[in-house]
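# Architecture at a glance
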Amino acid sequence: MAASLRRPSFTACSSPTDTDDEGVRGTCEDASICKRFAVSIGYWQDPYIQHLVRLSKERKAPEINRGYFARVHGVSQLTKAFLRKTECNCQILNLGAGMDTTFWMLKDEDLLPRKYFEIDFPMIVTRKLHSIKLKPLLSKPILDLHSEDTLQMDGHMLDSTRYAIIGADLRDIADLEEKLKKCNMSTQLPTLLIAECVLVYMTPEQSANLLKWAANSFEAAMFINYEQVNMGDRFGQIMIENLRRRQCDLAGVETCKSLESQRERLLSSGWESASAIDMMELYSRLPRAEVIRIESLEFLDEMELLEQLMQHYCLCWATKGGSELAPVC
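Below or above, wherever it landed, is the structure these notes cover. All of these numbers come straight from a predicted model, not from anything done at the bench. (Residues numbered from 1 in each chain as written. Predicted model: local features only at pLDDT ≥ 70, side-chain atom pairs only at ≥ 80, totals over all residues. Heavy atoms only, no water.)

Turning our attention to the packing of aromatic side chains. Within the structure shown, the criterion is met by eight aromatic pairs. Between Phe-103 and Tyr-116, the aromatic rings sit 6.1 Å apart at their centres with planes inclined by 55°, giving tilted as the arrangement. Taken together, the positions of Phe-103 in helix α3 (residues 102-108) and Tyr-116 in strand β3 (residues 115-120) put the pair 13 residues apart, joining distant regions of the chain. Looking at Tyr-116, the relative accessible area reads 0%, which means it is buried. An aromatic cluster is defined as three or more aromatic residues linked by ring pairs; in this entry it consists of Tyr-48, Phe-103, Trp-104, Tyr-116 and Tyr-163. (Phe/Tyr/Trp six-rings, centres within 6.5 Å; stacked < 30°, edge-to-face > 60°. Helix = DSSP H or I, 4+ residues; strand = E, 2+ residues; numbered from the N terminus. Buried < 20%, exposed > 50% of the residue type's maximum accessible area, 1.4 Å probe, protein only.)

See the structure below:
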C-alpha cells in the first residue's frame with residue numbers, strides 16, 4: 001500500500017516461528033545496546049543510533065567495547081572499498097540489519113549505493129519503522145532522496161527510491177526474493193551482501209541455501225560475513241552454553257570450527273574467492289593512531305581477555321563475477 005512516511009499505517013505482524021526466534025531477536029537488542037554504549041563513550045561517531053536504541057545503564061566491559069569497535073571498523077572498511085570500486089553504481093543488501101545505521105552514515109559521506117536494502121524479522125522491522133516515522137533525523141534523508149509523491153509502506157515494509165526495509169525470514173528464500181524484487185532489487189547491479197552474526201543462527205543447510213542464492217542471483221557480488229569462529233575449544237563451548245541458557249541456539253555452529261571451514265562454506269556455495277581473518281588479527285591491523293585513541297578511553301586490566309574474545313570471532317568476505325571487487329588486505 002502507498003502511504004506517506006509522515007502518516008504511515010502500522011500493522012502487527014506475527015508468524016508461527018515468532019516464539020521460536022525470540023532468543024535470536026534478543027541478540028539484535030544486545031548488539032544494538034552494546035554499540036550504543038560504545039558510541040556514548042567515544043569509540044566511534046554515530047549521531048543516529050541514539051534515535052533507534054536506548055542507552056544502557058549497565059557499563060559494558062572494555063573488551064566488549066573494543067570488540068565492537070573492531071567489528072564496526074572492519075565491516076565499514078570492506079563496505080566502503082566495495083562502494084569506491086563500483087563508484088557507488090551498486091546496491092547493498094544488509095541481511096539481519098537490526099538497528100544498523102549504515103544507510104544514514106553512508107549518506108553523510110556521500111557514499112550511498114544506488115539502493116540500500118535492509119532485511120530482518122518483521123517484528124524488528126516494525127520497531128525500526130516506528131522510530132524512522134517519529135524521528136526527523138532518520139526520516140528526512142529518506143524523503144529527501146525519494147523521487148515519488150508517495151512511499152510504499154506498511155507495518156513491516158518501506159520502499160523508497162534509495163532505501164528499502166523489508167520484514168522477511170532469511171530462511172524462506174522464495175519469499176525473500178519476491179519481497180526484494182517488489183522493492184526493485186536488480187540482479188544486474190554489482191551487489192554487496194552483509195551478514196553480521198546472522199548465518200550462525202541458521203542450520204548449515206539453511207545458511208548454505210542463502211549463500212547459494214546470493215552467489216547465483218547477481219552477475220557480480222561480494223558477501224561479507226561476521227560471526228563466531230574456533231568454537232570447538234572450551235571458550236567456544238562456554239559461549240554456546242551461555243546463549244543456550246537464554247533460549248538462543250547456535251544452530252549453525254558446526255560451520256564455525258575454523259577460518260578454513262568459514263572459507264570453505266563460501267567456496268562450496270558458489271563463490272569464486274573467499275578470505276577470512278580472526279578479529280584479533282584485524283585488531284592488530286588497525287591504524288596505530290586509532291588503537292592508541294580507543295585504548296585511552298578506558299583501562300583494560302587483562303589483554304588476554306580481549307585476545308580470547310577476538311580469536312572467537314572472524315570477518316570473512318567472498319566475491320564472484322569480478323576479482324576487482326575483492327579488497328586489498
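Picking up where we left off.
The next thing to look at is the pairing of strand β8 (residues 221-228). For a regular strand, the rule is simple: side chains alternate between the two faces of the sheet. Judged by how many residues are buried, β8 sits mostly within the fold: eight of eight residues are covered. With helix α7 (residues 204-217) bridging strand β7 (residues 191-196) and its parallel neighbour β8, the resulting β-α-β unit is right-handed. Strand direction decides the pairing type here: β8 and strand β10 (residues 313-320), joined by eight bridges, are antiparallel. By the bridge assignment, Phe-223 is partnered in β10 with Ala-318. (Right-handed = clockwise from strand over helix to strand, strands pointing away. Pairing = 2+ DSSP bridges.)

To continue, consider the packing of helix α6 (residues 173-182) against α7. Axis separation between α6 and α7 bottoms out at 11 Å; the angle between their running directions is 40°. Relative to α7, α6 is oriented oblique. For the crossing formed where α6 meets α7, the hand is right-handed. On α7, the residues that touch Ile-173, Leu-176, Glu-177 and Leu-180 of α6 are Asn-209, Leu-210, Trp-213 and Ser-217. (Axes fitted to C-alpha atoms, helices over the stretch in contact; angles between N-to-C directions. Parallel < 35°, antiparallel > 145°, perpendicular 65-115°, else oblique. Left-handed = near helix turned anticlockwise from the far one by under 90°. Contact = heavy atoms within 4.5 Å.)

A few words on the pairing of β3. Buried residues dominate β3, accounting for six of its six residues. The side-chain alternation of β3 yields two buried faces, one formed by Lys-115, Phe-117 and Ile-119 and the other by Tyr-116, Glu-118 and Asp-120. Where strand β2 (residues 91-95) lies against β3, five bridges are found, and the strand directions are parallel. Looking at β3, one finds that Leu-95 is bridged to Ile-119. With α3 bridging β2 and the parallel β3, this β-α-β connection has right-handed handedness. Pairing of β3 with strand β6 (residues 163-167) involves five bridges; the strand directions are parallel. Each bridged residue has a counterpart across the sheet, and for Ile-119 the counterpart in β6 is Ile-166.

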